[in-house]
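Remarks on the overall topology
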Amino acid sequence: MNMSNDQYKKYAEKRAKKSPVIKNCVCAFLIGGGICTVGHWLMSVYQNALSLNATDAGSLTSVTLIFIAVLLTGFGVFDKLAQIAGAGTLVPITGFANAVSSSAIDSKTEGFILGVGAKMFTIAGPVIVYGISAGVIYGIVYFIVQYV
């Protein structure tokens, strides 16, 4: 039985599970907002309890969020949270930490050099390359606009 493209499209649309868009957006907002709230709370604690300035408290907050994301990735909790939150877990620092650590964990059986070392940045590598490239281009444009 051959179906035309239109027939197949109608068949696929009828059989496809409808995505709960509103529920997904609410979960992403709440969990992503929760991650940001934890980061803000950590920064306040570091500033008030440890008397750190904003720059040092921000750095320590970033390191803490990275540590928590990697730890949760290692225990498999981050993936379960991401199934519920969807894009909400892609808050830049925790999502990046998850991407790097999950690649490293997945390839640890191949050894530290050819496994973890070589494949750790397979997902995060393009982000680093394009981020640095965009920064260089921005710097050149800024230099030209300011001094030429």
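Figured I'd write up the structure that's included with this text.

So, how was this worked out
Residues numbered from 1 in each chain as written. Predicted model: local features only at pLDDT ≥ 70, side-chain atom pairs only at ≥ 80, totals over all residues. Heavy atoms only, no water. Axes fitted to C-alpha atoms, helices over the stretch in contact; angles between N-to-C directions. Helix = DSSP H or I, 4+ residues; strand = E, 2+ residues; numbered from the N terminus. Parallel < 35°, antiparallel > 145°, perpendicular 65-115°, else oblique. Left-handed = near helix turned anticlockwise from the far one by under 90°. Contact = heavy atoms within 4.5 Å. Nonpolar A, V, L, I, M, F, W, Y, C, P; charged D, E, K, R; others polar. Buried < 20%, exposed > 50% of the residue type's maximum accessible area, 1.4 Å probe, protein only.

Quick look at the packing of helix α2 (residues 21–49) against helix α3 (residues 54–74)
For any two helices packed against each other, the geometry comes down to the angle between their axes and how far apart the axes lie. Look at α2 against α3: their axes get within 9 Å of each other, and the N-to-C directions meet at 135°. One finds that α2 runs oblique with respect to α3. The way α2 lies across α3 gives a crossing that is right-handed. Along its contact with α2, which presents V38, G39, L42, M43, Y46 and Q47, the element α3 presents A54, A57, G58, L60, T61, T64 and L65. Its residues assigned to classes, the contact of α2 with α3 shows 8 nonpolar, 5 polar and no charged.

So, the side chain of T94
Relative to the helices and strands, T94 is located in helix α5 (residues 92–106). By relative accessible area, which is 4% here, T94 ends up buried. Those residues in contact with T94, other than ones at most four positions away along the chain, are I35, L65, A69, F78 and T89.

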